[in-house]
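Residue-level structural notes
Chain by chain, the residues run as shown.
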Amino acid sequence: MCAGAAVPTAASLEAFIPRDSYDLYAIGVQECVYQPGEGYDSCEADWFGRLQDHLGSSYIKLAGLSLSNIRLLVLVRRSHYYAITNIKTALVPTGLGGVMGNKGGVGVCFAYHDTTICLVDSHLAAHQDQEQARNANYRDIVRFLSHDLYFDNPAFDITNQFDHLFWFGDLNYRIDLPRDEALELIRQKNWLALLERDQLVQQIASQNAFTDFLEESIVFRPTYKYVRGKSDVYTEEKSRVPSWCDRVLWKSVPGSDIQHTAYGCCDNVTISDHHPVFSTFQIAVRVPRPPPLPNAPRYRIRISNLRIEGVRFASNEGTPDPYISYVAHLAHAPVPRSCVLMRLRVCFCAGSLAASWPMERASKPRSRPRPAIRAGRIARYRFCRRWRAIQPSSAAMHCSC
């Protein structure tokens, strides 16, 4: 939510953030600046304190950080707290000169049991005709957050580093339509026609930004720009076109057990000219498994005669950086044996196991071929970014447990 100078009320928090409904809450805001209440020395402390008080003692703050007035708070249910490790945070300003924090992104990553999760809250460049600046902001945030948010290899950027990456905030992409035409389509609730002219949808389709990210279908009114205090009146200031500036996207490892359960907007929270958006997920989380029995079967994957043509490099400054992903299914193991379910709510006001192994890549010519890649052994093999297309696009191993 772009909160502006508005002070959040207990009623607005109750409408936006239901209590005791999720295992983890990730709450991001932009332009969050107001006079702190009694007992707080800063807006950040006041905002984080209000959220903690609202959710109560059953939740513990996992991480909280601010970049100027962009803020991200992650709260986790107390019963899950001690299963979380490797918490890291980072921030990237992309405002004026690349140093001002009015635009940019903040990120948190962690491991819950054996599943890695990254959360990014961002505020990208404004104005109708600045989609290329927004794309550049996205690339800068990916590039610089990747220096600090990683587990296995710092050369592997955040878009391919984690089991699940959630990216949300005021992304500021607009609808390229005349204002009157957009208002008429909103009156008709013709969301598909509006989405055909949505800049973010177009940029993802052309792989200029947020390549391979997913978004649930939008079936709510554009969240910007409203008259403050009104739930259904768009401002006529500067004839701005109503747009879905506020979004929740995600990207998961192929084969991940993740279910998107809700995507909506809180039109009854009217303290800002943006209406807050929320998205909820249910994730099957990998838990540590005991070592295999001495006589358990072992599997080996061998790759040979592999080639690809017509690659378009959308990241890494045009440098080839491929990888191959495999999915291992436990055919006879019920879900509770290999996974636990974690419910996640990502919100802002503005039976299977998945595993990836990198393609081996020699740093210099070898006189004999390398041995096949073994699951769990990634030493000397660097993680690589995605290829655009490969046939087959995935492979599976099946074994009995």
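The structure displayed is predicted, hence computed values, not measured ones.

**Some thoughts on the overall build of the protein**
In terms of regular secondary structure, the protein is built from seven helices and 15 strands. Within the protein, the fraction of its 401 residues that count as buried is 50%. With the model as given, the accessible surface of the protein reaches about 19,000 Å², and the carbon-plus-sulfur share is 51%.

**Brief notes about the sheet that holds strand β6 (residues 104–112)**
Sheet strands pair via backbone hydrogen bonds, and the direction of the pair is either parallel or antiparallel. Spatial strand order, β5-β6-β7-β8-β9: five strands in an open sheet with mixed pairing. Of all the strands in the sheet, the pair left with one neighbour each is β5 (84–93) and β9 (246–252). With strand direction ignored, the average angle separating the axes of adjacent strands in the sheet is 10°. In this structure, β6 lies alongside strand β7 (residues 115–123), joined through nine bridges in antiparallel fashion. When the sheet's bridge partners are listed, Gly-105 is paired in β7 with Ser-122. Strands in contact with helix α3 (residues 131–145) are β5, β6, β7 and β8 (164–170); relative to β5, the strand with the most contacts, it is inclined by about 135°.

**What to know about the pattern of salt bridges**
Counted under the stated rule, the structure contains 10 salt bridges. The residue Asp-163 makes a salt bridge to Arg-286 at a minimum N-O spacing of 3.2 Å. One end of the pair, Asp-163, is in the loop between α3 and β8; the other, Arg-286, is in strand β11 (residues 277–286), with 123 residues separating them in the sequence. For Arg-286, a relative accessible area of 18% puts it in the buried group. A salt bridge links Lys-225 to Glu-237, with the shortest nitrogen-to-oxygen separation between them at 3.2 Å. With Lys-225 in the loop between α6 (199–205) and β9 and Glu-237 in the loop between α6 and β9, the pair connects residues that are 12 residues apart, well separated along the chain. Classification of Glu-237 by relative accessible area gives partly exposed; the value is 37%. Residues joined by salt bridges that share partners form a network here, namely Asp-20, Asp-23 and Arg-77.

**With respect to helix α4 (residues 179–188)**
Turn by turn, an α-helix covers 3.6 residues, leaving residues three or four places apart pointing in a common direction. Here α4 has its buried residues at Arg-179, Ala-182, Leu-185 and Ile-186. Along the axis of α4, the buried positions cluster into a sector of 125°, meaning they face one direction only. Away from its buried face, by an angle of more than 90 degrees, α4 presents the exposed residues Asp-180 and Arg-187. Contacts from the buried residues of α4 go to α5 (191–195). Lys-189, located one to two residues past α4, shows a positive phi value of around 55°.

**With respect to unusual backbone geometry**
Cis geometry marks the peptide bond from Tyr-224 to Lys-225, where omega comes out at 5°. One non-glycine residue with positive phi stands out, namely Lys-189, at about 55°. Tracing the backbone through its elements, the reader meets Lys-189 in the loop between α4 and α5. Positioned with a positive phi, Gln-207 is a non-glycine residue whose angle comes to about 60°. Its location among the elements puts Gln-207 in the loop between α6 and β9. For Gln-207, a relative accessible area of 21% puts it in the partly exposed group.

**Section: the packing of aromatic side chains**
For the coordinates displayed, the defined rule picks out 14 aromatic pairs. Look at Phe-210 and Phe-213: their rings are 5.5 Å apart centre to centre, the planes differ by 85°, and that puts the pair in the edge-to-face class. The pair formed by Phe-210 and Phe-213 is uniform in burial state, with each residue classed as buried. Aromatic ring contacts, followed pair by pair, group Tyr-138, Trp-167, Phe-210 and Phe-213 into a single cluster.

**Description of the state of the cysteines**
Two cysteines joined by a covalent bond between their sulfur atoms form a disulfide. By the definition in use, this model includes zero disulfides. Cys-109 supplies the cysteine sulfur nearest to Cys-118, a cysteine that is in no disulfide, at a spacing of 5.5 Å. Free of any disulfide, Cys-266 has its nearest cysteine sulfur in Cys-265, 6.4 Å distant.

**Quick look at the confidence of the model for the protein**
Model confidence for the protein is summarised by a mean pLDDT of 81, while 75% of its residues fall at 70 or above. Between residues 329–339, whose pLDDT stays under 50, and residues either more than four places distant or in other chains, the model counts 30 contacts. When the criterion is pLDDT under 50, residues 350–401 qualifies, and its contacts beyond four places in sequence or with other chains add up to 139 contacts.

**A look at helix α2 (residues 43–55)**
Helix length check: α2, at 13 residues, gives a terminal C-alpha distance of 19 Å against a target of 18 Å (1.5 Å per residue), a fit within 8%. Of the positions making up α2, those classed as buried are Cys-43, Asp-46, Trp-47, Phe-48, Gly-49, Leu-51, His-54 and Leu-55. Those residues of α2 that are buried are in contact with α1 (10–16), β2 (24–32), β3 (59–67) and β4 (70–77). After α2 finishes, the residue Gly-56 shows a positive phi value of roughly 90°.

**Looking at the nonpolar core**
The biggest cluster of nonpolar side chains holds 42 residues, and the ones touching the most others in it are Val-74, Phe-110, Leu-119, Phe-166, Leu-194 and Trp-244. One finds Val-120, Ile-141, Trp-167 and Leu-200 within the second-largest nonpolar core, a separate group that totals 22 residues.

**Some words on the pairing of β8**
For β8, the buried fraction is high: seven of the seven residues fall into the buried class. In this sheet, β8 lies alongside β7 in parallel orientation, the contact comprising seven bridges. Counted as the bridge partner of Asp-121 is Phe-168 from β8. Chirality of the crossover, the property in question, places the unit of β7, α3 and β8 among those that are right-handed.

Definitions and limits used
For every chain, the first residue of the written sequence is number 1, and numbering continues from 1 along that sequence. With the structure being a predicted model, the display of local features is reserved for residues of pLDDT at least 70 and the display and counting of side-chain atom pairs for 80 or more, all residues being used for whole-chain, interface and lining totals. Computation of side-chain values: all heavy atoms of the structure, hydrogens and water removed. Counting from the N terminus, the helices are the DSSP runs of H or I reaching at least four residues and the strands are the DSSP runs of E reaching at least two. To sort residues, take the accessible area from a 1.4 Å probe on protein chains only and compare it with the maximum for the residue type: under 20% means buried, over 50% means exposed, and anything in between is partly exposed. Values of accessible area rely on a 1.4 Å probe in the Shrake-Rupley scheme; residue burial ignores everything except the protein chains shown. At least two bridges found by DSSP between two strands is the condition for calling them paired. Axis lines are fitted to C-alpha atoms, over the contacting stretch for helices. Their N-to-C directions set the angle, which ranges from 0 to 180 degrees. Throughout, a residue-residue contact means that at least one pair of heavy atoms, one from each residue, lies within 4.5 Å. Any carboxyl oxygen of Asp or Glu within 4 Å of a side-chain nitrogen of Lys or Arg constitutes a salt bridge here. Comment: arc refers to directions from the helix axis out to C-beta atoms. Here a Phe, Tyr or Trp ring, Trp counted by its six-membered ring, pairs with any other such ring whose centre lies within 6.5 Å, and the pair is stacked when the planes are under 30 degrees apart, edge-to-face when over 60, and tilted otherwise. Here, two cysteine sulfur atoms that lie within 2.5 Å of each other are counted as a disulfide. For every residue, the pLDDT score states the predictor's confidence, bounded by 0 at the bottom and 100 at the top. Multiplying 1.5 Å by the helix residue count minus one yields the expected span of that helix. Buried Ala, Val, Leu, Ile, Met, Phe, Trp, Tyr and Cys residues that are joined via side-chain atoms within 4.5 Å together make up what is termed a nonpolar core. By the criterion used throughout, a crossover qualifies as right-handed when its path from the first strand across the helix to the second strand runs clockwise, the strands pointing away from the viewer.

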